[in-house]
Amino acid sequence: MTPDRPRLRHLPGWVAGPEADRWLRRLLEEVTWKQEHITVYGRRHAMPRLTCWMADSGCGYRYSGLENRIEPWAPLVETIRRRVAATAGRSFNSLLLNLYRDGRDAMGWHADDEPELDAGAPIASLSLGASRTLRFRPRQRDAAPSEAMELGHGDLLFMDPPTQQHWQHGLPRRVKVTGPRVNLTFRVVTAGG
Ligand SMILES: O=C(O)CCC(=O)C(=O)O
């Protein structure tokens, strides 16, 4: 049965102004941002955002049908990972970094429920830069109302189990947004993933 609501813990301003500004600037400059493509009905499309994967060895996995090239943990990202782990009370071994260059970039509806992911672990999502709306909808239509959450600069969001099993999330375009947003989603890949 679909729970009434996704299990979310939103910590607004988890990282404060000047430090959040510095993290954003450095991530924009230092991460090897990649333009990935997906093929839909035989046509190749550029994904509407740039991405990068970082993970412990053996903790990469397929996502949107893409075999991801794993980058080593950048020193700043390692620091952020430790800070997120301290708040979460648990560690994370895999990370997807998303760069939404402006409000035309977006993320379609999906659930982070790949078999390699530990379904019992939360996903920790850090937002930096432009404020954007993350939307949730039940996978079983009409099972529960949809929800939306505004994610601002420095906010940390935990999506706790069993959210990914029952809900999808997505980040719609917001054309009036002109500034970039960086989002880091820390995950736990189970051994052998
Ligand atoms: O940018 C966001 O807040 C959402 C990212 C996301 O859904 C994902 O990385 O799976």
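For the structure itself, look to the data block above.
The following refers to the structure shown. (Residues numbered from 1 in each chain as written. Predicted model: local features only at pLDDT ≥ 70, side-chain atom pairs only at ≥ 80, totals over all residues. Heavy atoms only, no water.)

## Focus: the pattern of salt bridges
And step 1. In this structure the tally under the stated criterion is 13 salt bridges.
And step 2. Between glutamate 147 and arginine 5 there is a salt bridge whose closest N-O contact spans 2.8 Å. Taken together, the residues glutamate 147 in strand β12 (residues 147-151) and arginine 5 in the segment before β1 (8-11) connect sequence positions 142 residues apart.
And step 3. The salt bridge involving glutamate 150 is made with arginine 174; its shortest N-O contact spans 2.9 Å. (Salt bridge = Lys/Arg side-chain N within 4 Å of Asp/Glu carboxyl O. Helix = DSSP H or I, 4+ residues; strand = E, 2+ residues; numbered from the N terminus.)

## Thoughts on the state of the cysteines
And step 1. This structure, assessed with the given rule, holds 0 disulfides.
And step 2. With no disulfide of its own, cysteine 52 lies closest to cysteine 59 among cysteine sulfurs, the gap being 16 Å.
And step 3. According to the relative accessible area criterion, cysteine 59 is buried, its value standing at 10%. (Disulfide = S-S within 2.5 Å. Buried < 20%, exposed > 50% of the residue type's maximum accessible area, 1.4 Å probe, protein only.)

## Comments concerning the packing of aromatic side chains
Two descriptors summarise a pair of aromatic rings, namely the distance from one centre to the other and the angle between the planes of the rings.
And step 1. In this structure the tally under the stated criterion is 2 aromatic pairs.
And step 2. Here tryptophan 14 and tryptophan 23 contribute two aromatic rings whose centre-to-centre distance is 6.3 Å and whose plane-to-plane angle is 55°, an arrangement assigned as tilted.
And step 3. For tryptophan 14, a relative accessible area of 19% corresponds to the buried category.
And step 4. Owing to a relative accessible area of 3%, tryptophan 23 belongs among the buried residues under this scheme.
And step 5. On the basis of an interplanar angle of 55° and a centroid distance of 6.2 Å, the ring pair of phenylalanine 92 and phenylalanine 186 is categorised as tilted. Taken together, the residues phenylalanine 92 in the loop between α2 (75-88) and β8 (94-100) and phenylalanine 186 in strand β15 (residues 181-187) connect sequence positions 94 residues apart.
And step 6. By relative accessible area, phenylalanine 186 is classed as buried at 0%.
And step 7. Against the face of tryptophan 73 rests arginine 81, its NZ or CZ located 3.8 Å from the ring centre. (Phe/Tyr/Trp six-rings, centres within 6.5 Å; stacked < 30°, edge-to-face > 60°. Lys NZ or Arg CZ within 6 Å of the ring centre and 35° of its normal.)

## Some remarks on the sheet that holds β8
And step 1. On the basis of which strands lie adjacent, the open sheet formed by 7 strands has the order β1-β13-β10-β15-β8-β4-β7 and mixed pairing. The outermost strands of the open sheet, each flanked by one partner alone, are β1 and β7 (70-71).
And step 2. Two strands pair when backbone bridges link them, and β1 and strand β13 (residues 156-159) are joined in this way by 4 bridges, in the antiparallel orientation. Within the sheet, the bridge partner assigned to histidine 10 lies in β13 and is leucine 157.
And step 3. The strands touched by helix α1 (residues 17-30) within the sheet are β8, β10 (123-129) and β15, with β10 carrying the most contacts at an inclination of about 90°. (Pairing = 2+ DSSP bridges. Contact = heavy atoms within 4.5 Å. Axes fitted to C-alpha atoms, helices over the stretch in contact; angles between N-to-C directions.)

## Let's talk about the sheet that holds strand β14 (residues 167-171)
And step 1. Spatially, β9-β14-β11-β12 is the arrangement adopted by the 4 strands of the open sheet, whose pairing is antiparallel. Across the chains shown, the open sheet's two edge strands, defined by having one partner strand only, are β9 (107-110) and β12. Direction aside, neighbouring strands of the sheet carry axes that sit 15° apart on average.
And step 2. As paired elements, β9 and β14 share 2 bridges and run antiparallel to each other.

## Quick notes on α2
And step 1. With 14 residues, α2 extends 20 Å between its outermost C-alpha atoms, agreeing within 8% with the 20 Å of an ideal straight helix rising 1.5 Å per residue.
And step 2. If you check which residues of α2 are buried, you get Leu76, Val77, Ile80, Arg81, Val84 and Ala85.
And step 3. Of the surrounding secondary structure, the elements contacted by the buried residues of α2 are α1, β4 (50-55), β8, β10, β13 and β15.
And step 4. One or two steps after α2, the chain reaches glycine 89, where phi turns positive at roughly 75°. (Expected span 1.5 Å × (residues − 1).)

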